[in-house]
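# Coordinate inspection notes
Residue strings, one per chain:
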Amino acid sequence: MILSSHIITGAALGANFQNIYLMPTAAIALHFFLDKIPHYDYTIKPFSFIVSAKVFADIGISAITILIIYLFFNPNINPTYVIAGIFFSVLPDGFLLISFIFQNKWLQKYRQFHDFFHWQSQKNPETNGEEKKIPTFWNLSAQLIVIIIALYYLL
Ligand SMILES: [Zn+2]
């Protein structure tokens, strides 16, 4: 899923599941569960200025949304847990990015592990994990539904 989906669901998890020992595992599990749902992703390869602008906007919009919720709607959420929830929710894609930059067999294995949980590469092995046309319905709604549910738990 795009980073906004992982950031907002991670924040919702951190705000509601304040067990410092189990939350990192739960946040990482949530990441892989969400990746399993058919959804739209923008491709980051080949990396370019446009791609970095997309990633920046993706992170920025979700971070500002959470900040607005904290400042104006729900000051009771614990920022430490919210930030920890976001960190562990995004971590699997952080490792994925590292695996694109550095080549070694452990990172390669990790990428296979991530791809195994990712719906596109499992459903369409012939595309080798690359972007493939998906039904517009899912393209538009899967992540929107996930984000709305997460926002409900943040507010
Ligand atoms: Zn992922």
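Rules used in this analysis
Residues numbered from 1 in each chain as written. Predicted model: local features only at pLDDT ≥ 70, side-chain atom pairs only at ≥ 80, totals over all residues. Heavy atoms only, no water. Donors = N, O, S within 2.8 Å, 3.2 Å for Na, K, Ca; no water. Tetrahedral: all angles 85-135°; square planar, octahedral: opposite > 155°, others 65-115°. Helix = DSSP H or I, 4+ residues; strand = E, 2+ residues; numbered from the N terminus. Buried < 20%, exposed > 50% of the residue type's maximum accessible area, 1.4 Å probe, protein only. Phe/Tyr/Trp six-rings, centres within 6.5 Å; stacked < 30°, edge-to-face > 60°. Lys NZ or Arg CZ within 6 Å of the ring centre and 35° of its normal.

### Quick look at the coordination of the zinc ion
Surrounding the zinc ion are the protein donor atoms H31 (NE2), D35 (OD), D93 (OD) and H114 (NE2), which sit 2.1 to 2.2 Å from the metal. Seen from the zinc ion, its 4 donor atoms lie at angles of 88 to 174°, and the figure they make is irregular. Mapping the donors of the zinc ion onto the primary sequence yields the spacing H-x3-D-x57-D-x20-H. Of the two residues, D35 is situated in helix α2 (residues 23-36) and D93 in helix α4 (residues 79-101); the sequence distance between them amounts to 58 residues. As far as burial versus exposure is concerned, D35 and D93 are alike and both buried.

### Side note on the packing of aromatic side chains
Taken as a whole, this structure holds 8 aromatic pairs when the rule is applied. Consider the rings of F32 and F113, whose centres lie 5.4 Å apart with planes at 80°: the pair is edge-to-face. One end of the pair, F32, is in helix α2; the other, F113, is in helix α5 (residues 105-117), and 81 residues separate them in sequence. Assessed through its relative accessible area of 42%, F113 is described here as partly exposed. One aromatic cluster is present, formed by F32, F95, Y110, F113, F116 and F117 through successive ring pairs. One cation-aromatic arrangement involves K36 over F116; the distance from NZ or CZ to the ring centre is 5.6 Å.

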